[in-house]
Amino acid sequence: MQQAPRRMKGARRVPRERAAGPYNPAMPFSDPSAPPVSSSAVPPVPSAAFSSPLLAGLNPEQLAAVTAPPGPALILAGAGSGKTRVLTTRIAWLMQTGQVSPAGIMAVTFTNKAAKEMQARLSAMLPVNTRAMWIGTFHGLCNRFLRAHAKVAGLPAAFQILDTSDQLSAVKRVIKALKFDEEKCIPKATSYFIANAKDAGQRPKDLQPRDELGRMQLAVYQAYEDQCQREGVVDFAELMLRTYEIMRDHPEVREHYQRRFKHILVDEFQDTNRLQYLWLKAFAGSPGVTGTSVFAVGDDDQSIYAFRGAQVGNMADFEREFRVPHVIKLEQNYRSHGHILDAANTLIAQNSKRLGKNLRTDAGLGEPIRVHEAASDFAEAQWMLDEIRQVKREGHPLYEVAVLYRSNAQSRVIESALFNAGVPYKVYGGLRFFERAEVKHALAYLRLIENPSDDTSFLRVVNFPARGIGARSIEQLQDAARASGRSLAQSVTAVAGKAGANLQAFMALIDTLREAIRGLTLRDIIEHVVEASGLAEHYRAEKDGQERVENLAELVNAAEAFVTQEGFGKDAIALPVDEPAGTIAAGLPAAVAAVELLPDAETGEIISPLLAFLTHASLEAGDNQAQAGQDAVQLMTIHAAKGLEFHHVFLTGLEEGLFPHENSMSDTDGLEEERRLMYVAITRARQRLYISFSQTRMLHGQTRYNVKSRFLDELPEDALKWLTPRNQGFGSGFEKPYRDAWASGKGMGSMVGAGAQPFRQAPAWGGGKRGEDNFKDLTAPIPKAMAESKTAGGFRVGQSVFHNKFGEGVVLTLEGNGPDARVQVNFGRHGTKWLMLSVAKLTPIE
DNA sequence: GTACGCTTATTTTTT
DNA sequence: ATAAGCGTAC
């Protein structure tokens, strides 16, 4: 099916025989006397290479990176500096100059999207079969590795991959089995605990519990491992850890790969966690000894995943441990206009922990950043809607407009504004295709066919659709399984009576399915299982099952597409196919090679397309919305926007507590990560950036009164253009929360401060200068909470008024009735006054 | 086995 | 506000 790729014309294989030196996984590079990469070990670079059309148009720094001599390299690549181009051109250049064959390349990314893009760009650059290369995500490559070395790994050839929710349910089962109190040993937290331990490279034996909870979690970790091992399943972190351990503990395997890979390239290096760094070191071996060059590309300023274990420190460690001769900085930005870049630079300069980098652009200053203050989240959305319509009128496509926010909850009000106005939009994030319940159910049947020991899948569908197997039956079954140390599927005969009969009927169904799909195409397999399992019928009978039925049909389509477009088994390929069949096997000691290489010796592909598809489903969650090509506004969190760019960017909700998020504000590290997040957000914009914040916002069913984000104050004045008056008083101070707390007798949301002030001595709001006309723009819709409040004497809260002596003001509070009626009005620089309506001459404005 | 009502949590996310 | 998860009652 897949042709063995031809080696590049004129490309000569670099001799791979370089003795692998002593390897100490604990302290790989602790020997200070190790010689630097000797230049004599480096193949001469053909001088003609420097005039290669590949290199045309690269700036000096990019050129230096692309053509860096073999050996460790660290590229500090700023936002929009052509990072992906450098990475792919580097690979192409290495091959074109004959320094490496495709099989000698490993390129690692974090997301499938990035891997695909790299592959696509590379294919466009060079007529090379990228299949021989190891290009993929960390987890995808680990999967490939473990399929090839299943025996050494102690895994069944058809091992299944648990996603996060599978892992959680597996952990829950363990906690139940151990009879731990779920109140104390919280499943989710324990699941995190296990994942974190693995991400740090720690097995249960490496951990020392410090308290009762620690002891419980450790016990769960141990039992969870045993359970996974029994069932033949691995979670995401296990893919990495198991691969790393095999590399660490099996010299013959290690030496093989260290000889094989001449160049390892890593994208988004700042996002690597501890285990991934260890993993890379294991594949690279000691610098100067294995001759493997690691080319790491990253941007410490865009490190926004510390919360999930990313260690920016890996960059500095890499520079030191690999003895990177000099870090190459890509600081020329090809994306954003000057004001935008100035803002980004000024902001990020306030972080203390940086490797140091300043972006520059040849583009002019461009438009200033437009800043808007809204009265409410609703008003913010309305304003944005107006601006978006204007942008559309100016002839820009909507897909070039992005609305970014800190947290997903913020999208709702924006969505409703766009929806009601009939503006098409697309929200990124949320439930992915393969994560939908009905799809997971279908996959569970398929997984059981491949591996009946997969208890997680068994439990998911044993009674779905309902077939009379209730909690009691399952409990009996679990007891039997536990007693015999076997899987649930193996234990059905141990349950007596009707329950046992039902369970056996279920297993008979699985067996029947397995028989029935023999010889079918993948598409037909899925179609048959979806029908014969009763899933399709169940959803057809359900009131609101329409969408689920459609998703099941979509799953069939996805299978079809997987076979035709992707060529099934891409992820599952175990052999580098540019080697003559058997070469790799020959390169490995018999013990490793014989059984490990389970795939077809001719093609190197895993034989079962179903297994390949299941792996694909686990490792690639799939897009959530298929409406590609539609001209729609793009809505996403800032995290999701990393790596993307847009002509127009709306950055919303710039409020203390929201962004920076309140959970991150307490410590410096958290705050600096938030600031990097802000940096990422700003640098998404090419031409026009809008920043907005709101005085009030509905969050968790409560109105919160927010102060504008400190990040706004950290931007250079010159780069900003305020669409609303700067330092506008209304909502920028602490006054309103006090008032509301007083009025409602309830808490004050985010603005709870020590010792609420007495009502009438509320401090004047806002700081800074206020002009006479500061209040003219306060005509935005009144927040719901305010609109519902009482009126008096024809005035309402939020009403603009005029006073002969104090000028313009805004009504803050109304109290009393009739002759007693009084109002509190903010007169800007004249302060906040209480006035008796019967005395003061107040006239409403507008 | 399903329906209803109660409690709970609600930053960011890929694999 | 709101959704999801869980327990109890039919």
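The shown structure was predicted, so the numbers you read here are calculated from the model rather than taken from an experiment.

Caption draft 1: Structural context of the protein's contact with DNA strand C. Neighbouring DNA strand C are Lys172, Arg412, His700 and Gly701. Near the protein, meaning within 4 Å, the atoms of DNA strand C are sugar or phosphate in a fraction of 40%, with bases accounting for the rest. Looking at side-chain class alone, the surface near DNA strand C contains no nonpolar, two polar and two charged residues.

Caption draft 2: Seen up close, the sheet that holds strand 3 (residues 134-137). Pairing in this open sheet of six strands is parallel, and the strands run 3-2-6-7-1-8 from one edge to the other. Since the sheet does not close on itself, it has two edges, and those belong to strand 3 and strand 8 (328-330), each with one partner. Across the sheet, the mean angle from the axis of one strand to that of its neighbour is 15°, orientation sign disregarded. By the bridge criterion, four bridges tie strand 2 (residues 105-109) to strand 6 (residues 263-266) in an arrangement that is parallel. Looking at the pairing, Val108 lines up with Val266 of strand 6.

Caption draft 3: Local environment of the packing of helix 9 (residues 236-249) against helix 11 (residues 274-284). Running from N to C, helix 9 and helix 11 point in directions that differ by 35°, and their axes come no closer than 9 Å. Read as a crossing pair, helix 9 and helix 11 show a hand that is left-handed. Each of Ala237, Met240, Leu241, Thr243, Tyr244 and Met247 in helix 9 lies in contact with helix 11, whose residues at this interface are Leu275, Gln276, Leu278, Trp279, Ala282 and Phe283. Partitioned by chemical class, the residues of the contact of helix 9 with helix 11 number 10 nonpolar, two polar and no charged.

Caption draft 4: Structural view of the protein's contact with DNA strand B. Taken together, 24 residues sit near DNA strand B, with Asn112, Thr164, Arg406, Asn408 and Thr637 positioned nearest. Here DNA strand B approaches the protein such that, of its atoms within 4 Å, sugar and phosphate make up 54%. Contact between DNA strand B and Gly468: a phosphate oxygen at 3.5 Å from a main-chain N or O atom of the residue. Separating a phosphate oxygen of DNA strand B from a side-chain N or O atom of Thr637 is a distance of 2.5 Å. Grouping the constituent residues of the surface near DNA strand B by class yields six nonpolar, 15 polar and three charged.

Caption draft 5: Region of the structure containing unusual backbone geometry. Residue Phe464 is joined to Pro465 through a cis peptide bond whose omega torsion reads 0°. Tracing the sequence through the fold places Pro465 in the loop between helix 17 (455-461) and helix 18 (471-484). In this structure, Pro660 follows Phe659 across a cis peptide bond, with omega equal to 5°. Within the fold, Pro660 resides in the loop between strand 13 (646-651) and helix 27 (668-682).

Caption draft 6: Fine view of the UniProt feature "domain: UvrD-like helicase ATP-binding" (unreviewed entry) in chain A. Cross-referencing UniProt, the feature "domain: UvrD-like helicase ATP-binding" (unreviewed entry) maps to residues 56-337 in the present numbering. As annotated, residues 56-337 comprises 50% helix and 12% strand, and the C-alpha atoms at either end are separated by 24 Å.

Caption draft 7: Molecular detail of the packing of aromatic side chains. On inspection of all chains with the given rule, the structure shows 27 aromatic pairs. Ring centres of Phe659 and Phe711 lie 5.4 Å apart, and the angle between their planes is 80°; on these two criteria the pair is classed as edge-to-face. Of this pair, Phe659 sits in the loop between strand 13 and helix 27 while Phe711 sits in helix 28 (residues 710-713), placing them 52 residues apart in sequence. Here the two residues Phe659 and Phe711 agree in accessibility, since each one is buried. Every member of this aromatic cluster is reached through a ring pair, and the members are Phe110, Trp134, Phe138, Phe145, Tyr257, Phe261, Trp279 and Phe283. The cationic tip of Arg147 hangs over the ring face of Phe159; the distance from NZ or CZ to the ring centre is 3.7 Å. Here Arg308 stacks its cationic end above the ring of Tyr305, 3.7 Å away from the centre of that ring.

Thresholds, definitions, all that
- Residues numbered from 1 in each chain as written.
- Chains lettered and ligands numbered in written order.
- Predicted model: local features only at pLDDT ≥ 70, side-chain atom pairs only at ≥ 80, totals over all residues.
- Heavy atoms only, no water.
- Near = heavy atom within 4 Å.
- Nonpolar A, V, L, I, M, F, W, Y, C, P; charged D, E, K, R; others polar.
- Pairing = 2+ DSSP bridges.
- Helix = DSSP H or I, 4+ residues; strand = E, 2+ residues; numbered from the N terminus.
- Axes fitted to C-alpha atoms, helices over the stretch in contact; angles between N-to-C directions.
- Left-handed = near helix turned anticlockwise from the far one by under 90°.
- Contact = heavy atoms within 4.5 Å.
- Polar contact = N/O pair within 3.5 Å; in protein donor to acceptor, adjacent residues only side chain to side chain.
- UniProt positions renumbered as here; feature names shortened; annotations may be inferred.
- Phe/Tyr/Trp six-rings, centres within 6.5 Å; stacked < 30°, edge-to-face > 60°.
- Buried < 20%, exposed > 50% of the residue type's maximum accessible area, 1.4 Å probe, protein only.
- Lys NZ or Arg CZ within 6 Å of the ring centre and 35° of its normal.

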